[in-house]
Amino acid sequence: MDAISTPKRYDLDDDGVVVIIGSGAGGGTLAHELTRRGVEVVLLEAGRHLTPEDFVNDEWGGYEMLSWLDKRTSSGSWRVAKDHPEAPSWHCQVVGGTTTHWSGCCYRLIEDEMRARTVYGDIPGTSLIDWPITLDELEPYYDLAEAKMGVTGTNGLPPLPPNNNFKVMYWGAKRLGFEVSTGRHAINSIAYDGRPATIQDGFTITGDKTGSRWSTLNVEIPRALATGKLELRPQSRAVLIEHDEAGNASGVVYVDAAGIRQRQKARAVVLAGNCIESPRLLLHSASGRFPDGLANGWGHVGRHYLRHVIQTVWSVFDKPVNMHRGEIMTGLVRDFVRHDPARGFAGGYYVELNSMGLPTTAAFLEPGWWGRDFVSVIEQYSHMAGMLLSGEDMPQPGNRVTLTDELDAFGVPVANIHYDDHPNDLRLRNHGYKTMTAIHKAAGAKRSIEAPAYPASHNLGSNRMAARAEDGVLDVNGRAHEVPNLFIADGSGFATGGACNPTLTIVALAIRQADFIAGQMSKGEL
Ligand SMILES: Cc1cc2nc3c(=O)[nH]c(=O)nc-3n(C[C@H](O)[C@H](O)[C@H](O)COP(=O)(O)OP(=O)(O)OC[C@H]3O[C@@H](n4cnc5c(N)ncnc54)[C@H](O)[C@@H]3O)c2cc1C
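Let us look at the structure shown here. Position numbers for residues start from 1 in each chain and track the written sequence from start to end. Only residues with pLDDT of at least 70 get local features here, since the model is predicted, and only at 80 or more are side-chain atom pairs given and counted; chain-wide, interface and lining totals rely on the full set of residues.

1. Things to note about the site of the ligand
Heads up, the condition is: In this text, near has one meaning. A residue is near a molecule or strand if its C-beta atom, placed using the backbone, is within 6 Å of it. A run of DSSP states H or I qualifies as a helix once it reaches four residues; a run of E qualifies as a strand once it reaches two. Both are numbered from the N-terminal end. Side-chain classes follow a simple rule in which Ala, Val, Leu, Ile, Met, Phe, Trp, Tyr, Cys and Pro form the nonpolar group, Asp, Glu, Lys and Arg form the charged group, and the remainder, Gly included, forms the polar group.
Among the 41 residues in the neighbourhood of the ligand, the closest are listed as G22, G24, G97, G273 and N501. Among the secondary structure elements, those contributing two or more residues to the shell around the ligand are α1 (25–35), β5 (237–243), α9 (274–284) and α13 (503–522). For the shell around the ligand, the class distribution of residues is 16 nonpolar, 21 polar and four charged.

2. Describing helix α6 (residues 135–149)
Worth spelling out the cut-off: Expected span of a helix, by definition, is 1.5 Å for each gap between consecutive residues, and there is one gap fewer than residues. To obtain the bend at a residue, axes are fitted to the seven residues ending there and to the seven starting there, and the angle between these axes is taken. Partly exposed residues are those falling between the two cut-offs: more than 12 but fewer than 20 other C-beta atoms within 10 Å of their own, whereas 20 or more means buried and 12 or fewer means exposed, with C-beta atoms placed from the backbone. Note on contacts: each residue gets a C-beta atom placed from the backbone, and two residues are in contact if those atoms are within 7 Å.
The end-to-end C-alpha distance of α6, which contains 15 residues, comes to 20 Å, matching closely the 21 Å that a straight helix rising 1.5 Å per residue would cover. At Y141, α6 shows its largest bend, some 25 degrees. All of the buried residues along α6 are Y141, Y142, A145, E146, K148 and M149. Tucked inside the fold, the buried residues of α6 contact α13.

3. So, the packing of helix α7 (residues 164–175) against helix α12 (residues 423–442)
Put simply, the rule is: The axes are straight lines fitted to the C-alpha atoms, using for helices just the contacting stretch, and the angles between their N-to-C directions are given from 0 to 180°. Our angle categories are set so that under 35 degrees counts as roughly parallel, over 145 as roughly antiparallel, 65 to 115 as roughly perpendicular, and the remainder as oblique.
Contact geometry for α7 and α12: axes closest at 7 Å, N-to-C directions at 100 degrees. Accordingly, the angle class assigned to the pair α7 and α12 is roughly perpendicular. Within the contact between the two elements, α7 uses M169, G172, A173 and R175 and α12 uses I439, H440 and A442. Within the contact of α7 with α12, the residues separate by chemical class into four nonpolar, two polar and one charged.

4. Considerations on the nonpolar core
We apply this condition: For our purposes the nonpolar core covers buried Ala, Val, Leu, Ile, Met, Phe, Trp, Tyr and Cys residues that link as a set through C-beta atoms within 7 Å.
With 146 residues, the main nonpolar core has V18, V19, I20, V41, V269 and V270 as its most contacted residues. At eight residues, the largest contribution of residues to this core is made by α13. When sequence neighbours within four positions are dropped, the list of residues in contact with I20 reads G27, L30, A31, V41, L43, V270 and A272.

5. Here's the deal with the sheet that holds strand β4 (residues 230–233)
Quick reminder of the rule: Pairing between two strands requires that DSSP report at least two bridges joining them.
Overall, parallel pairing links the five strands, which are arranged β4-β2-β1-β8-β16 in an open sheet. The open sheet has two edge strands with one neighbour each: β4 and β16 (486–488). The sheet shows a mean angle of 20 degrees between the axes of neighbouring strands, direction not considered.

6. Concerning α1
In terms of burial, α1 is largely enclosed, as eleven of its eleven residues are buried. When α1 is considered as a whole, its buried residues turn out to be A25, G26, G27, G28, T29, L30, A31, H32, E33, L34 and T35. As for α1, its buried residues are in contact with β1 (18–21), β2 (41–44), α8 (216–226), β4, β8 (268–271) and α13.

7. Section: the sheet that holds strand β6 (residues 249–255)
With respect to topology, three strands assemble into an open sheet ordered β5-β6-β7, the strand pairing being antiparallel. Taken across any chain shown, the strands that pair with only one partner, and hence form the sheet edges, are β5 and β7 (261–265). Averaged over all adjacent pairs, the angle separating strand axes in this sheet is 25 degrees, with direction ignored. Bridging between β6 and β7 involves five bridges; their strand directions are antiparallel. Residue pairing across strands places G251 opposite K265, the latter belonging to β7.

8. Some points on the pairing of β1
How we decide: When the strands point away from the viewer, a crossover counts as right-handed if the path from the first strand over the helix to the second runs clockwise.
The side-chain alternation of β1 yields two buried faces, one formed by V18 and I20 and the other by V19 and I21. Bridge analysis of β1 against β8 gives four bridges, and the strand direction is parallel. Among the inter-strand pairings, I21 is bridged to a residue of β8, identified as L271. Pairing between β1 and β2: four bridges, direction parallel. Its bridge partner being in β2, V18 is matched across the sheet by V41. As a crossover connection, the stretch from β1 through α1 into β2 is right-handed.

9. Overview of unusual backbone geometry
With a phi close to 75 degrees, D208 is a non-glycine residue in the positive phi region. If you check the backbone angles, H308 has positive phi at about 65 degrees while not being a glycine. Here H308 is to be found in the loop between α9 and β9 (309–316).

10. Digging into the pairing of strand β11 (residues 349–353)
Where burial is concerned, most of β11 is hidden: five out of the five residues are buried. Of the two faces of β11, the one lined by Y349, V351 and L353 and the one lined by Y350 and E352 are each fully buried. As paired strands, strand β10 (residues 332–333) and β11 are joined by two bridges and run antiparallel to one another. Bridge pairing in β11 links L332 to E352. For β11 and strand β12 (residues 384–391), the ladder comprises five bridges, and the chain directions are antiparallel. Bridge pairing in β12 links Y349 to G391.

Interpretation in functional terms is not warranted from these geometric data alone.
What follows is the structure, encoded as structure tokens:
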């Protein structure tokens, strides 16, 4: 059932509104931050507006209800192209975007990561740059983001409690001399900001019926609606961004819930459709003035795609672990996040706790694995523990989102995602595998499985920000270098990926961008 959206209505010809495309981490946050500063916003969201009653405590059911399931293609040497060729990236199509589906881990980028080109040096085959913004400049916005999201370990909020899976990780990591904690999460450990404490049911990832986890669906969008300055239009698929003769974005063509093409005029347009859909729309919005795609004069739209080196290790123990109980990612070892060339690779990684239900474990453990050996592992599901590596991957110009010749139901070309692993990524991955396996072995694992990557859930960098137009699509405020009233508020704007889960940074940047956009408007410069 779709929830009631909004009583506020803006005319399609109203060119005073900011049109935001996508209501996830970036777009939903920006909608709230702009409307509370008095800016009028139309929020176009391709997906439905669900309520907590709609969500299901069922891994596959939740995945199918929330995910972006439209066809894609993939290519390149990454294993994902072989295992999941038509679903290489994992994100959502629903009001709230992927914040309806995320696990809530919240970590900040560190200084070295934001100066990656300077610190890591000139690594052949990469297109590394430094962020145009410093950590010092971003930190006040990280503070605001953590407060609004209720991140544990900040603002006086206690950490989430350990579960059995964590205890395994803890003992292994401690024996090896690593620092280990339950980490930081935008999941309430105690009641906070009108949301209850988690009941530890492990189902915050399938929508979150109880509302203990921050999402734009349960926090930002209702608050934006309450300002009276937001019109939310669910089931509204943007298909084209238009511009005027001067090269300014003038409006957005979208297909509404009834399947009718509409054109919403705009004072400014903000694209926040996630890292695949945003470049796809820019490329599709090519015109005589922008023949290679909107804001793509330098050819960076869709390039430098990042997805983190994400790998998992699953181990079998003598005694039951029941890893599905409790919040699923409450564990962190951060000993390897700092850049240390002595390890043989640039950048770093986090080891995070991870658990999956039985169906997902069976599907992702080793796609295609079947027979007696597979069964001997999976039948011990109750005795399994898991961990996940989140490491920095290297930007490469050839890792990119492009358009294919095949059109989708809305007449927009299907996207292809090409990704080749860089040798640095593989060295980091192998180091991380060894660390995770060593932790489980130190805790007494009987058998460990180093599993391949599943579809990319940290999609970043395909419209990156850069100090110079010749190095990236966006400037330091997430504004297109070539189109002064076109902005990007999603993870595609990352200059490099760092190692940390990206959502806290997406939210911090969106708050900062709201300051900029509202400031420009009040000065009459936008
Ligand atoms: C299973 C899972 C677990 C995760 N766990 C974590 C975690 O613990 N910590 C963390 O930091 N990150 C996590 N992530 C990643 C995180 O959820 C994403 O990085 C983040 O939500 C991305 O924000 P975004 O604004 O770029 O896009 P999204 O949140 O994906 O929002 C994009 C929105 O745009 C809409 N849209 C796209 N195209 C159009 C169009 N043409 N017209 C209209 N609307 C459109 C989509 O429907 C969607 O609602 C996880 C992701 C997954 C899949």
